[in-house]
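# An overview of the molecular structure
Letter by letter, the chains look like this.
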Amino acid sequence: PYTTLFRSLDGWLRQGPSEKYMHDFRMEVTSEGLYLKTPAQIENETRMYLWSPANFEGDQWIEFDFRLESPKGLALLVLCASGMQREDYITDHGLPANGGMGFILRDLRNYHWEFVRRVEAMRPDVETQYLAKNPFGRRLHCGAIPRLEEGRWVRLRMIKAGPRLHGSMDGRTVFDVTDSPFDNNGPVYNFGRIAFRQMYHTALRYRNLTVFQRPQNRSAAGARK
């Protein structure tokens, strides 16, 4: 497995925010893991991604702890992120200058799970959850879980096994859905980098990331395209 305690960011790639807003941005390796805080201004240039050093292929089991440290914000996990021809987009094309959402919505094949959603027009009494397949904008899940406590560590687990995607927090299922290569939204993805993304006004800590991967049966649904 690939593991990191986030005591070092060797090989990780930061995308955004722009230099204009760096005075209000923090990315620090601490004794409790990685601390990320984005600027409060509502601008495309205040958002950011942190991309994994490596690509992962086949079935994937991703786990990490996170701790919400702001009353507002939006954080998401990106997985199986590659170019339109299944290439390593970052190696071949480089990264955009800012961390705008359009990058994963239009330019990459990927799944993304919004596990913290505390921005405009979101319900304040629950934690809404959203899972999508890009660049097709296919909504795989939209729901809600009890409100997360600020300052408390939560264990997030994301499993992609063939066409099945299962997400949980502290062992409680958030979604359990099945993708399909036959509904006009591209193949089931099984290759690419992972990333953590934060919008404006968001502060979180991350620690204990582990990624397991195993080869996938090419004759199964979601085989390599």
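The text that follows walks through the structure, step by step, so that each part is easy to find. (Residues numbered from 1 in each chain as written. Predicted model: local features only at pLDDT ≥ 70, side-chain atom pairs only at ≥ 80, totals over all residues. Heavy atoms only, no water.)

### Describing the nonpolar core
Formed by 40 residues in total, the largest nonpolar core has its most connected members in Phe64, Phe66, Phe115, Met158, Met169 and Tyr206. Residues Tyr49, Leu74, Tyr89 and Phe103 belong to the second largest nonpolar core, which totals 16 residues. (Core = buried A, V, L, I, M, F, W, Y, C linked by side-chain atoms within 4.5 Å. Buried < 20%, exposed > 50% of the residue type's maximum accessible area, 1.4 Å probe, protein only.)

### A look at the side chain of Lys160
Secondary-structure assignment places Lys160 in strand S12 (residues 153–161). Notably, Lys160 is buried but unbridged: the nearest opposite-charge side chain belongs to Asp59, and the N-O separation is 4.3 Å. Polar contacts involving the side chain of Lys160 include one to the main-chain carbonyl oxygen of Gly162, which spans 2.6 Å. Setting aside chain neighbours within four positions, we find Lys160 in contact with Gly58, Asp59, Gln60, Leu79, Cys80, Tyr111, Leu165, Val188, Tyr189, Asn190 and Gln216. (Helix = DSSP H or I, 4+ residues; strand = E, 2+ residues; numbered from the N terminus. Lys, Arg positive; Asp, Glu negative; His and termini not counted. Salt bridge = Lys/Arg side-chain N within 4 Å of Asp/Glu carboxyl O. Polar contact = N/O pair within 3.5 Å; in protein donor to acceptor, adjacent residues only side chain to side chain. Contact = heavy atoms within 4.5 Å.)

### Considering the packing of aromatic side chains
Across all of its chains, the model carries 17 aromatic pairs by this definition. Plain terms: the ring middles of Phe64 and Tyr206 are 6.1 Å apart, the flat faces sit at 50° to each other, and that makes the pair tilted. Within this pair, whereas Phe64 is found in strand S7 (residues 59–68), its partner Tyr206 is found in strand S16 (residues 203–214), the two being separated by 142 residues in sequence. Consider the rings of Phe196 and Tyr206, whose centres lie 4.8 Å apart with planes at 50°: the pair is tilted. Taken together, the residues span a long stretch of sequence, with Phe196 in strand S15 (residues 191–198) and Tyr206 in strand S16 at a distance of 10 residues. (Phe/Tyr/Trp six-rings, centres within 6.5 Å; stacked < 30°, edge-to-face > 60°.)

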